[in-house]
Number of protein chains: 2
Amino acid sequence: MNKTIRKAVLLCLSLCCGVALSANDGSSLWLDYQPLSAQESQKAEYTARLTAISYQTDTPTIQAAIEELQLASEALLAHAPQAVRSNRSRPGEAVLAFGRDRAIGQLKATETLSALGEDGYLIRSADDRTYILANSDKGVLYGAFHLIRLMQTRQDISALNLAESPAYDARILNHWDNLDRSVERGYAGASIWEWEALPGTVSDRYKMYARANAAVGINGSVLNNVNANANFITPAYLEKIKVLADIFRPYGIRVYLSINFNSPQSIGGLDTSDPLDPRVRGWWKDKAKEIYGYIPDFGGFLVKANSEGQPGPQDYGRTHVDGANMLAEALKPYGGLIMWRAFVYTVNATDPSYDRAMQSYLEFVPLDGQFADNVIVQVKNGPIDFQPREPINSLFGAMKETPLMIEFQITQEYLGHSIQLAYLAPMYKETLDQDTYCAGPGSTVAKVTDGGVYPIPVSAIAGVANTGTDANWTGHIFAQSNWYGFGRLAWNPELTSDAIADEWIRMTFTNDPEFVAPVKGIMMASHEAAVNYMQPLGLHHIFAGNHHYGPGVWERLSQTTDRPDWVPEWYHRADSLAIGFDRTTGGTGYVSQYFSPLKELYNNIETCPENLLLFFHRVSWDYRMKNGRTLWDEMCYKYTEGLDAVRGFQKDWDRLEGKIDPERFRHVQYKLREQTRDAIWWRDGVLLYFQSLNHKPIPYELERPINTLELLMRYRIPGGNSSVAPGARPLVMPTSPMAPGVPTTN
Amino acid sequence: MNKTIRKAVLLCLSLCCGVALSANDGSSLWLDYQPLSAQESQKAEYTARLTAISYQTDTPTIQAAIEELQLASEALLAHAPQAVRSNRSRPGEAVLAFGRDRAIGQLKATETLSALGEDGYLIRSADDRTYILANSDKGVLYGAFHLIRLMQTRQDISALNLAESPAYDARILNHWDNLDRSVERGYAGASIWEWEALPGTVSDRYKMYARANAAVGINGSVLNNVNANANFITPAYLEKIKVLADIFRPYGIRVYLSINFNSPQSIGGLDTSDPLDPRVRGWWKDKAKEIYGYIPDFGGFLVKANSEGQPGPQDYGRTHVDGANMLAEALKPYGGLIMWRAFVYTVNATDPSYDRAMQSYLEFVPLDGQFADNVIVQVKNGPIDFQPREPINSLFGAMKETPLMIEFQITQEYLGHSIQLAYLAPMYKETLDQDTYCAGPGSTVAKVTDGGVYPIPVSAIAGVANTGTDANWTGHIFAQSNWYGFGRLAWNPELTSDAIADEWIRMTFTNDPEFVAPVKGIMMASHEAAVNYMQPLGLHHIFAGNHHYGPGVWERLSQTTDRPDWVPEWYHRADSLAIGFDRTTGGTGYVSQYFSPLKELYNNIETCPENLLLFFHRVSWDYRMKNGRTLWDEMCYKYTEGLDAVRGFQKDWDRLEGKIDPERFRHVQYKLREQTRDAIWWRDGVLLYFQSLNHKPIPYELERPINTLELLMRYRIPGGNSSVAPGARPLVMPTSPMAPGVPTTN
């Protein structure tokens, strides 16, 4: 190209990309409306469909829907449609209608709508109008966001006929945010809840938080850490929380709180918290009344009881049922929900037959059918603890008369914090799509939890949030996609990870196909890459204690005073001959907690999926994998694949310079460099440690380590539980030892 | 193979490798005699040729030769030949003869010998005997070591007819060892000279040092740093030095000392050191007499004067000639030599026309023909300062009436200290083989300096030593090969780097061809690899100031108070458009100091060798290289080649586990890991810095950086001038800033 042509092209490009090339700190999440350029055919089409907005019944939520359509239209089309309250719409208008509104009858949508429930909606193009119809104003708001998403992703909106309704009733974010605004396992700054400023000072972020969640279908928020501070349910804090609830309400988001089971003693002045003590039951009833006085649509309690040292009913010789039902009774009059966590593993870990993976099943299955109907048991996706890859939790499908809700982790506690790019929708899907066989083939975890297998009074799904005060909310721009992806799957678990990534990239960055395709490629490969350079082949929980960021594979049972089941060696069990945790019928027998044929599939080393091999089997280093390699060689290959994948991400990303704003481009480029460094740290650390046991060479065709085991073993990340400082990691000589700390999980 | 066979094979193998598989700390250097196994055909042959050793004239040096032959024979053949003093030898004996000994006449070797000079020798097989004939007992000792080397490398010794004589008269190691036992640019521990213990306590290492040097032909040792402390020539130290001289003497090694030109003032009590002052001249004469009283065969003085702040004749308005000739006069009566360094660059560096590369030529060429005949001018191989690659120093060939000696650096100041594997014989050869054209084609640097072009009274060559108190002497086992290689080339510059590497590997490790071939491959590729990941394409002196280990390419003239010619930017001169130092006739004109056609070759960008391009030319980033790539792309490729080469060394080395003792295997394996880390540091640092100027992408097919420029620029190695602590380098966030220090060179 000669200079003039190149200049013209550059000019044209910069016009096409428009705002995209100006600075962008990522703070608008997926509501980042890039104006359509004159070159885009859809601009005229969209404008013609949004000449005005008409509605019949007014509510704060309808006003919110109108505001969103106007905001989007102004930014995307440089045209602000007027909102007209009337029961007669004109051609070209977007019509918002719910309940008994006239338009619904006109379109004979009443019956269809009735099947879609409180949050469902219809979007129909008819008579030159675009109708958003729902049973409630919330449904209309969700529909409005759907229409906006179609425009953000440049879809045809001229002939729409959509019916949507969410798979789960409660779609919840769990914030592990503390009173002091620290965030347990948070990697994006401090808590977004400014307790010290509330109720007087109100951050704009609260509304942005509500809009972003509503746009993706999330309708509940547990504001505080499950390791709960009782003060959150005192008037001083309820006053602050009321402010948030009032801001969230128009966006259909209910506030929940984690409670401390000891509250009757710690803040109630009682001498017990025994759930069968009438004074205790009375105290909780009064407390419920008090809370609902502040927040009439309060969602309910999340409870971590008799888990990792938290108080609970067992302290009084009572059961989880006694505890949960007491609280359920207190909230029942107000429609409140009790989410009771099943994350318990308190049996004597020194008993050789003990297997942490089996505990929640052993404690909860006997209680099936005894919980009140406004209690739901919250179960982590896997039996251990949010590992990069785990089999499904054996509880799914095992409690036929108790609703179970699934708990995913959005914050990347074990997946690279906010330093590494790991798109987790594929991991969520792996769990949701897994068949439990509890009622024969097709009884997937999704179906079991959304009521598709056994009827349940209420269905719910939760994700541990990754939000913080960082300008981009999540520390790593791409961590936004995990928040987004969780929300989308909570609405519809049938969506593919690929489709969600595609939407998110277009809504967050650009519709430029030369950007969308390679970035989607990175995202879709990123979770498997992380598994490969951290814990392939079923390895689990070999992270360094406390920070859960780097490898701690060398932490030996003999050298620790921690609980054995907090020590990596307890999980990998490697020695000179073999590696892996035998959970077959010949081992701890954990496999027997699954239904057939899953039980047999996992129990047989020949049929056990190789990506879970060492989770279920103790295997000789010389075991032949399906590809003919020995287990050790295959492990070396997997770690190398993981590292090379991240190097590939760097190459792919660097080619995209200029296609988006330099701010976000450099942000990701920087993070990817750190990720490659840390992938080397993982690969070197784990392979060199296992090699020190099995004395086998790393296949000579593979890249060699560049660290020594001695240095890596001595290396400690400062900060532990807190976020990992950029670059404060090898490949170097250890500098300052990390303060010894007991690992905490949730 | 079934078990029993495998066992048999393993047993056999371990027998073959013999001692090689037992621990070895590398302390015996190239005198590491591995016993021949029964399987080796040569064992019987060698034994039959060493039934006994006969000699006629006895001297300490002859006794040393006998001892060496006995040591070697005992270790290699498990047989100690008796030494018989007699003028009648028996068949099967090794016959040592020199001077007027009978055997020489018998073999009619008198004439041949006379051409071989004081250090030359003949080795002849005749009448079933092996004769080592020479003019001096030193020649016999060198011949004995030659015979031993033939056996160490498993050569046929049944029909020998060798004539050897060294190319250079003086083959010298320069130790930059200080009085406090620190070693400037030393990376192998403290000085091997235990000044505090001498003369009372005498380390075994002194004799080992003499044996190792004699074995490779080195016959002189400058014991102290050229930045000289005057106390070395006071009686207190001369007493200590005498002990070393007495130990070295039988091995043909003369002691030299670096002197401080100010000594008449600092230790002589005079008020001047003016070389034309009679009192000063008298003081030096007395000092010479005193020194020779202690050490009758004292070699002479090495002088760094008016260089980098050292005192010199110019302080009194005198010239280098005045200074050198005064000292020459003092040593003349005793046959002492003055080595006067030409490493001077004291002109005002802020003058834009100033070019450090030109200074020694400008100062010394006018003095040609004025130096006394026992003065020799010591010239570094290149015009700057021991860079990984430089063109030859323009002084070579330019002083027709003054002997020049070449100074190489064995210690790896700019070549990875004792952390990186860089075999330097190829670099020495590059200089020695380069044609200066001073007397037409064939006037190579070797010929110019060894007297092959102009007749010179004395020829000499020096290498800056890399010895220290580390058990293996040189920090890195492979650094021994640079000491060895320097010695072999000082004896015979015609030897190939490949042949020297082959000898050294066999003498140091093993004759196992499966080890020798790949290790030779690593060695032969190692210098070019270092050039590529540090300073390819003629880049020079972009090291971090002070430690000269890692990149300091970002050190800007504008940000420094140092001399401009101590700042990397002064050398690379990179900006957004171009990079390189214009030394053509259109630039500083340095090229004009070379003879035609070298001058024209370097002056023309089309003919200038690309591996020196940026040393001679300022070149646009978009300049097309011969392979069609732009300069910037080619630079990215070169740095990548360098990094990948080191990764390749790791793969090659790891395959050799078990072929040598685990101690040295792991030592090298560890060092290679560090080398790869530091190659990444170099590549990332230099490419990211230049990219920050030219804003060009690193070709997308190449591996991406994993560090950020900001972090690398802030990073400082603790310790500066001293050795670099293992692992105390990136890839990490800087920890403690290095104390600012002025770079010192020698």
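A brief report on the enclosed structure follows. These numbers were taken from a predicted model, which means no experiment stands behind them.

### Overview of the overall build of chain A
Scanning chain A for helices and strands turns up 23 helices and 16 strands. Taking 746 residues into account, the globule formula puts the C-alpha radius of gyration at 27 Å, and chain A, at 26 Å, falls close to it. Over its C-alpha atoms, taken along the principal directions, chain A stretches across nearly 85 × 80 × 50 Å. Here chain A holds 746 residues, and the buried ones make up 63% of them.

### Details of the side chain of A:Gln378
Turning to its location among the elements, A:Gln378 is positioned in strand β12 (residues 375–380). Side-chain polar atoms of A:Gln378 contact the side chain of A:Glu407, separated by 3.0 Å.

### Observations concerning the side chain of B:Thr676
Relative to the helices and strands, B:Thr676 resides in helix α22 (residues 662–694). Leaving out residues up to four positions away in the same chain, B:Thr676 has contacts with A:Ile706, B:Leu643, B:Val646, B:Arg647 and B:Gln650.

### Notes on the packing of helix α8 (residues 235–248) of chain A against helix α10 (residues 278–294) of chain A
Residues and elements named next belong to chain A. Where α8 contacts α10, the axes come no closer than 9 Å and their chain directions differ by 35 degrees. As for how α8 packs across α10, the hand of that crossing is right-handed. Judged by residue contacts, Pro235, Leu238, Glu239 and Lys242 of α8 engage Glu290, Ile291 and Tyr294 from α10. Residues belonging to the contact of α8 with α10 are distributed by class as follows: four nonpolar, no polar and three charged.

### Regarding the nonpolar core
One finds A:Phe690 and B:Phe690 to be the most contacted residues of the largest nonpolar core, which totals 450 residues. Those residues within four positions of B:Phe690 in sequence are excluded, and the remaining contacts are B:Leu539, B:Val553, B:His572, B:Ala574, B:Ile579, B:Trp621, B:Trp632 and B:Met635.

### Topic: the sheet that holds strand β12 (residues 375–380) of chain B
All names here are of chain B. Spatially, the eight strands close up into a barrel ordered β7-β8-β9-β10-β11-β12-β13-β14, and their pairing is parallel. Averaged over all adjacent pairs, the angle separating strand axes in this sheet is 25 degrees, with direction ignored. Bridge analysis of strand β7 (residues 170–174) against strand β8 (residues 220–222) gives three bridges, and the strand direction is parallel. Its bridge partner being in β8, Leu173 is matched across the sheet by Ser221. Across the sheet, helix α11 (residues 320–331) is in contact with β9 (254–259), β10 (300–303), β11 (337–341) and β12; its angle to β11 comes to roughly 160 degrees.

### Considering the environment of A:Ala52
Residues and elements named next belong to chain A. Among the structural elements, Ala52 can be located in strand β1 (residues 52–55). Distance from Ala52 to Ile66, taken between C-alpha atoms, is 10.0 Å for residues 14 residues apart in sequence. Apart from residues no more than four positions distant in its own chain, Ala52 is found in contact with Pro81, Gln82, Val84, Gly92, Glu93 and Ala94.

### Here's the deal with the packing of aromatic side chains
All names here are of chain A. In the structure shown here, the tally under the stated rule is 94 aromatic pairs over all chains. Note on Tyr142 and Trp491: the rings are 5.1 Å apart at their centroids and 65 degrees apart in plane angle, and the pair reads as edge-to-face. Here Tyr142 is found in helix α6 (residues 137–152), whereas its partner Trp491 is found in helix α15 (residues 480–491), with 349 residues between them in sequence. Each member of the pair, Tyr142 as well as Trp491, carries the same accessibility label: buried.

### Things to note about the pairing of strand β13 (residues 404–409) of chain B
All names here are of chain B. Of all the six residues making up β13, six are buried; the element is thus mostly covered by neighbouring parts of the structure. Bridge count for β12 against β13 is four bridges, and the pairing is parallel. The partner of Gln378 across the bridge, within β13, is Met405. The sheet contact formed by β13 and strand β14 (residues 460–464) spans four bridges and is parallel. Its bridge partner lying in β14, Ile406 is registered against Ile461.

### A short note on helix α7 (residues 205–216) of chain B
Each α-helix winds once per 3.6 residues, and so residues spaced three or four apart point in a common direction. Residue and element names in this part refer to chain B. Over its twelve residues, α7 runs 17 Å from end to end, which matches the ideal 16 Å to within 8%, given 1.5 Å per residue. With ten of its twelve residues buried, α7 lies for the most part within the structure. Looking only at α7, the buried set comprises Tyr206, Met208, Tyr209, Ala210, Arg211, Ala212, Asn213, Ala214, Ala215 and Val216. As for α7, its buried residues are in contact with α3 (60–77), α6 (137–152), β7, β8, α8 (235–248) and α15 (480–491). Directly after α7, the chain includes Gly217, whose backbone phi takes a positive value near 95 degrees.

### Observations regarding the packing of helix α13 (residues 425–432) of chain A against α15(A)
Residues and elements named next belong to chain A. Following both chains from N to C, one finds α13 and α15 inclined at 30 degrees, their axes separated by 9 Å at the closest point. Between α13 and α15, the angle falls in the class roughly parallel. α13 and α15 meet at a crossing whose hand is right-handed. Residues Ala425, Tyr428, Lys429 and Leu432 of α13 lie in contact with α15, whose contacting residues are Asn482, Phe486 and Leu489.

### Quick notes on the pattern of salt bridges
Pairing is possible between side chains that carry opposite charge, provided their charged atoms lie close to one another. Evaluation of the coordinates by the stated rule reveals 92 salt bridges over all chains. In this structure, the salt-bridge partner of A:Asp128 is A:Arg49, at a minimum N-O distance of 3.9 Å. Of the two residues, A:Asp128 sits in the loop between β4 (121–126) and β5 (129–134) while A:Arg49 sits in helix α2 (residues 42–49), which places them 79 residues apart along the sequence. For A:Arg49, a relative accessible area of 15% puts it in the buried group. Measuring nitrogen to oxygen at the nearest pair gives 2.8 Å for the salt bridge that ties B:Asp373 to B:Lys332. Here B:Lys332 lies in the loop between α11 and β11 and B:Asp373 lies in the loop between α12 (359–364) and β12, a separation of 41 residues in the sequence.

### Side note on the sheet that holds strand β6 (residues 161–164) of chain A
All names here are of chain A. Across the sheet, six strands lie side by side as β2-β1-β3-β5-β4-β6; this open sheet has mixed pairing. The sheet is open, and its two edges are formed by β2 (82–85) and β6, each paired on a single side. For this sheet, the mean inter-axis angle between neighbouring strands, taken without regard to orientation, is 15 degrees. Taken together, the six bridges between β4 and β5 define a ladder with antiparallel strand orientation. Directly across from Ile123, in β5, lies its bridge partner Ile132.

### Notes on unusual backbone geometry
Between A:Leu198 and A:Pro199 the backbone carries a cis peptide bond, its omega angle lying at -5 degrees. Along the chain, A:Pro199 turns up in the loop between β7 (170–174) and α7 (205–216). For the bond from B:Ser596 to B:Pro597, the omega torsion is 0 degrees, close enough to zero to count as cis. Looking at where B:Pro597 falls in the secondary structure, it is placed in the loop between β15 (578–579) and α19 (598–603). For B:Arg185, which is not glycine, the phi dihedral falls at a positive 60 degrees. Take B:Arg185: it is sitting in the loop between β7 and α7. Residue B:Arg185 is classed as buried on the basis of its relative accessible area of 0%.

### Here we look at the pairing of β7(B)
Residues and elements named next belong to chain B. Most of β7 is tucked away: five of the five residues are buried. Burial of the side chains of β7 extends over both faces: Ala170, Ile172 and Asn174 are buried on one face and Arg171 and Leu173 on the other. Direction of pairing for β7 relative to β14: parallel, over a ladder of five bridges. Within β14, the position partnered with Leu173 by the bridge is Gly463.

### Overview of helix α17 (residues 513–534) of chain A
Residue and element names in this part refer to chain A. The first and last C-alpha atoms of α17 sit 32 Å apart over 22 residues, in line with the 32 Å expected at 1.5 Å per residue. At Ser526, α17 shows its largest kink, close to 40 degrees. You can read the cap of α17 off the contacts: a side-chain oxygen lies 2.8 Å from the backbone nitrogen of Glu514, and it is on Asp512.

Parameters at a glance
- Residues numbered from 1 in each chain as written.
- Chains lettered and ligands numbered in written order.
- Predicted model: local features only at pLDDT ≥ 70, side-chain atom pairs only at ≥ 80, totals over all residues.
- Heavy atoms only, no water.
- Helix = DSSP H or I, 4+ residues; strand = E, 2+ residues; numbered from the N terminus.
- Rg over C-alpha atoms; globule rule 2.2 N^0.38 Å.
- Buried < 20%, exposed > 50% of the residue type's maximum accessible area, 1.4 Å probe, protein only.
- Polar contact = N/O pair within 3.5 Å; in protein donor to acceptor, adjacent residues only side chain to side chain.
- Contact = heavy atoms within 4.5 Å.
- Axes fitted to C-alpha atoms, helices over the stretch in contact; angles between N-to-C directions.
- Left-handed = near helix turned anticlockwise from the far one by under 90°.
- Nonpolar A, V, L, I, M, F, W, Y, C, P; charged D, E, K, R; others polar.
- Core = buried A, V, L, I, M, F, W, Y, C linked by side-chain atoms within 4.5 Å.
- Pairing = 2+ DSSP bridges.
- Phe/Tyr/Trp six-rings, centres within 6.5 Å; stacked < 30°, edge-to-face > 60°.
- Expected span 1.5 Å × (residues − 1).
- Parallel < 35°, antiparallel > 145°, perpendicular 65-115°, else oblique.
- Salt bridge = Lys/Arg side-chain N within 4 Å of Asp/Glu carboxyl O.
- Bend = angle between axes of the 7 residues up to and from the residue.

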